[in-house]
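Chains, contacts and geometry: an overview
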Amino acid sequence: METSLEKAMKDRVLTGFKNWNSGYESWLEWCNTLYEPDSYYNVAGQRLTLQEYKDLMGKLFQVFDIELGKFHNMIAKDDWISIRYDVTIINKHTGERTEQQTMEFVNFKDNPEPIGARVIEGWALSDKPVSAPH
């Protein structure tokens, strides 16, 4: 990590993981800091607005316990960061456990303080995707 933006992106990602693993409500609050209000997130083959992404994650959290795990690597360059990490998903009703690896590419915007680095758009792909209930 060379630039102040690259360091800020790394901090946002690491803090985001901590908030995610503290539960949906904690992650939802963190979204106001992590994402630009007009950001997009590409997941499950769909380009979602921030609100659509929040809603999808809310549906998933109703059915699954989702824990973001070990980082395998993180690369930051200019206003981009890529991360690869483990995810553990446990179905709250059946107890079925799924382990997956996820790769994300995220484009950030460098805002003046106190706002700082925030996500413009992200892309996530997992080797064993889990579908949201309908």
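Before any of the text, the structure's been laid out above.
In this report, the structure presented in the accompanying data block is examined. The residue numbers shown here count from 1 along each chain, following its written sequence. Residues qualify for local features only when their pLDDT is at least 70, as the model is predicted, and side-chain atom pairs are given and counted only at 80 or more; totals for whole chains, interfaces and linings, by contrast, use all residues. For the side-chain quantities, the full set of heavy atoms in the structure was used; hydrogens and water were omitted.

All right, on to the environment of P37 then. Mapping P37 onto the fold places it in strand β1 (residues 35–43). Each C-alpha atom of the pair P37 and V119 lies 9.2 Å from the other, and the pair is 82 residues apart in sequence. Residues are treated as being in contact if the distance between any of their heavy atoms lies within 4.5 Å. The residues touching P37, leaving out its near neighbours within four places in the chain, are L50 and R118. Each helix is a run of DSSP H or I of at least 4 residues and each strand a run of E of at least 2, with the numbering of both proceeding from the N terminus.

Here, a strand pair is defined by DSSP locating no fewer than two bridges between the strands. Taken together, six strands build an open sheet; the order of strands is β2-β1-β6-β5-β4-β3 and the sheet is mixed. Only two strands of the sheet have a single neighbouring strand rather than two, namely β2 (46–49) and β3 (64–77). The sheet shows a mean angle of 20 degrees between the axes of neighbouring strands, direction not considered. The sheet contact formed by strand β4 (residues 80–91) and strand β5 (residues 97–110) spans 11 bridges and is antiparallel. Looking at the pairing, R84 lines up with M103 of β5. Relative to the sheet, helix α2 (residues 24–34) contacts β1, β5 and β6 (117–126), its axis offset from that of β1 by approximately 115 degrees. Axis lines are fitted to C-alpha atoms, over the contacting stretch for helices. Their N-to-C directions set the angle, which ranges from 0 to 180 degrees.

A few words on the side chain of T88. Here T88 shows up in strand β4. Each residue gets one of three labels from its accessible area relative to the maximum for its type: buried under 20%, exposed over 50%, partly exposed in between, using a 1.4 Å probe on protein chains only. Note on T88: relative accessible area 16%, which makes it buried. Throughout this description, a polar contact denotes any pair of N or O atoms lying within 3.5 Å of each other; where both atoms belong to protein, one of them has to be capable of donating a hydrogen while the other can accept it, and for residues adjacent in sequence the pair is counted only when both atoms sit in side chains. Separated by 2.9 Å, the side chains of T88 and E99 make a polar contact. For T88, the residues in contact, after removing those within four places along its chain, are D65, I66, E67, R97, T98 and E99.

So, on to the pairing of β3. For β3 and β4, the ladder comprises 11 bridges, and the chain directions are antiparallel. Directly across from D65, in β4, lies its bridge partner I90. Between β3 and β4, which pair antiparallel and follow one another directly, the connecting turn spans two residues, one of which, D78, has a positive phi of 55 degrees.

As a further point, take the environment of A44. For A44, the position within the fold is in the loop between β1 and β2. Looking at A44, the relative accessible area reads 60%, which means it is exposed.

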